Amino acid sequence: MSAAKFSNPVVRWIDHRLPVFSMLDHTANEYPTPKNLNYMWNFGSLAGLSLVIMIVTGIVLAMSYTAHVDYAFESVERIMRDVNHGWLIRYIHMNTASFFFIVVYLHIFRGLYYGSYKAPRELLWILGVVIFLLMMATAFMGYVLPWGQMSFWGATVITNLFSAIPIVGESVVTFLWGGFSVDNPTLTRFFSLHYLMPFLIAGVVVLHIVALHRFGSNNPIGIDTKGRQDTISFHPYYTIKDIVGIAMFLLLLAIAVFFFPNAMGHPDNYIPANPMQTPAHIVPEWYFLPFYAILRAVPDKLGGVLLMFGAIAILFILPWLDRSPVRSARFRPVFRIFFWLLFIDALALGYLGGMPAEGIYVTLSRVATAWYFLHFLVILPMLGVFESTKPLPKSISEPVLATTGEAA
Amino acid sequence: MAKSTSNSKSPSADGVQEPARRDFIVVATYAMGAVGAAAVAWPLIDQMNPAADTLALASTEVDVSKIVEGQAITVTWRGKPVFIRRRTPDEIARANAIDGAELRDPQEDEARVQRPELLVVVGVCTHLGCVPLGQKTGDVKGDYDGWFCPCHGSHYDTSGRIRKGPAPTNLEVPPYDFLSDNVIRIG
């Protein structure tokens, strides 16, 4: 990190005293990156972009939103009808929330497939799970703000989860509500926290990146880089690759915003909140459905809540559940089969969470829930012992040079 | 970036390097990026301009028949006070007694009213936006018997023109029409 590499004397003067340019240069320019990253490594930058879009549009929306039970719904409708470009800004905020989760889910499954959570990247992974939890809390509170029927009953059901806590449950829920039902105090505190939490996420993202840059990105082969011959500089190679991903992301986002803005929402949330009547079939936003399915699969209040939170909590200890020394699924033939079974299981839970809690759906939810925990608690630890993995290449360069016939 | 593109440049006959196709692509990419950023920024900035419902409230109708001679009322127009005063013959005479061209903000009284007895001005001091006194009986009306702004001491006459103090211009006359003899619409 020498300041002399900048040609602009003003930049050099500042950097000598405040090395922000050196930090940026190190982070986004010369940062050595494995040269074999595929497009699955695009979702980190896309998640970062999503966070920026959410914060920018959210700050703008807050200029016209009123956090009060009597005005919240109307203020959102005013944004949609009267505020200049308000419809566009709100639809971008709504749809980017969904896209943020799509991107983060792909990011998580990328990590699962290529073993990115393994030593020495355990803290990097754990920070990612923290971000995921913060995202879920932020998204939930944001969904309450328009004060439609789904907002109100979503808030009621989710806060009531805490009533499952033995002895103090009811007191905790009263505390969360600031009263004896979801009402104005609940709405105002949710607005405050919804504004705060994205900045907490941004802070954890910084830690996530610091932890990432300690050992560098994992890669599709999952073996450590062995020096300069295995890496390329972040700029221009991965900046360009990230921009390709960003262009695709924005294209899909624009299609959603302009042609299907409410496809990932629920029409009942355009009905003003009515504390006297619950809609016949309430569902959370789609990105919560797998966890919602787990909650409903268990025929016990406390048990359902515990398993639902456990489904996320289990990710925290994943680095110690999977003891296999091989990271990438490319060299783990049995793990690869179970990975895809888990992927299908997660999709199935998502589907089942959106179905009515009756008949065959309940049975299937239970099977899928059991499989989810079986995967992490039994199959992964056993694979670490019994699976015979394929031989690993000596370096990232080796398989490439071998196929082109050049000497290593 | 410039270094890596220089390889693809070929010197022309006079030794000057021609821009390469790579340079064109780079400039075109930056230009498109700038256009895109501006297009995205505009809605985020424009949303701070008055919304459609705010613009829809930009006119106010007032029944002026109840104002007796010498009395003034204050109405709200676009969130600001508007002073409507039915002036006495004496006040009209005093407003016309001076040559408007000699004032700080030169204007004749007749240019500021549609009917001499009814003066309509925006009740916001042109100095820094305070509301001048002089509407209520008992208010200080200043040295010229019009309005007096207590914030920084501007004196307005019976035509709402600045006569003394820091304000640079006369009280603004809003656009208004007589819908009938008794009703005016401001805005």
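Residues numbered from 1 in each chain as written. Chains lettered and ligands numbered in written order. Predicted model: local features only at pLDDT ≥ 70, side-chain atom pairs only at ≥ 80, totals over all residues. Heavy atoms only, no water.

K.L.:
Tell me about the pairing of strand β2 (residues 72-77) of chain B, residues and numbers included.
P.N.:
All names here are of chain B. As defined by bridge partners, β2 adjoins strand β3 (residues 80-86) across six bridges and the pair is classed as antiparallel. Each residue of the ladder has a partner; that of I73, found in β3, is I84. Adjacent in sequence and paired antiparallel, β2 and β3 are bridged by two residues, among which R78 carries a positive phi angle near 55°. (Pairing = 2+ DSSP bridges. Helix = DSSP H or I, 4+ residues; strand = E, 2+ residues; numbered from the N terminus.)

K.L.:
Can you lay out the domain arrangement of chain B for me, pointing to particular residues and giving the numbers?
P.N.:
By domain assignment, chain B separates into domain 1 (18-46) and domain 2 (54-186). Between the C-alpha centres of domain 1 of chain B and domain 2 of chain B there is a distance of 52 Å. (Domains from an automatic or database assignment.)

K.L.:
Describe the state of the cysteines, listing the residues and the values that go with them.
P.N.:
All names here are of chain B. The final tally for this structure, using the stated rule, is one disulfide over all chains. One disulfide bridge connects C130 with C151, the sulfur atoms lying 2.1 Å from each other. Across the S-S bond of C130 and C151 the torsion is about -100°, and the bridge reads as left-handed. Here the residue C130 occupies a position in the loop between β4 (118-122) and β5 (145-149), and C151 occupies one in the loop between β5 and β6 (154-157), the gap between them amounting to 21 residues. A relative accessible area of 38% means that C151 is categorised as partly exposed. (Disulfide = S-S within 2.5 Å. Buried < 20%, exposed > 50% of the residue type's maximum accessible area, 1.4 Å probe, protein only.)

K.L.:
Go over the interface of chain A and chain B with me, naming the residues and quoting the values.
P.N.:
Each partner contributes residues to the interface: chain A has twelve residues there, and chain B has twelve residues. Taking both sides of the interface into account, the surface hidden between chain A and chain B amounts to around 1000 Å²; carbon and sulfur atoms contribute 61%. The three residues of chain A that bury the most area against chain B are D82, N84 and H85 of chain A, which together make up 43% of that side's buried surface. Counting across the chain A and chain B interface gives one salt bridge. D53 of chain B serves as the salt-bridge partner of R78 of chain A, at 2.4 Å between the closest nitrogen and oxygen. Summed over the shared surface of chain A and chain B, the result is six residue pairs in polar contact (both at pLDDT 80 or more). Only α3 (43-62) and α5 (86-113) of chain A provide two or more residues apiece to the side of chain A that touches chain B. With three residues, α3 of chain A is the single largest residue contributor to the side of chain A that touches chain B. (Contact = heavy atoms within 4.5 Å. Buried area = accessible area lost by both parts, 1.4 Å probe. Salt bridge = Lys/Arg side-chain N within 4 Å of Asp/Glu carboxyl O. Polar contact = N/O pair within 3.5 Å; in protein donor to acceptor, adjacent residues only side chain to side chain.)

K.L.:
Just give me the short version of the packing of helix α6 (residues 122-144) of chain A against helix α9 (residues 184-215) of chain A, but keep the residues and values in it.
P.N.:
Residue and element names in this part refer to chain A. For the pair α6 and α9, interaxial distance at closest approach is 9 Å and the crossing angle is 160°. It follows that α6 is roughly antiparallel to α9 by the angle criterion. Crossing angle aside, the handedness with which α6 passes α9 is left-handed. (Axes fitted to C-alpha atoms, helices over the stretch in contact; angles between N-to-C directions. Parallel < 35°, antiparallel > 145°, perpendicular 65-115°, else oblique. Left-handed = near helix turned anticlockwise from the far one by under 90°.)

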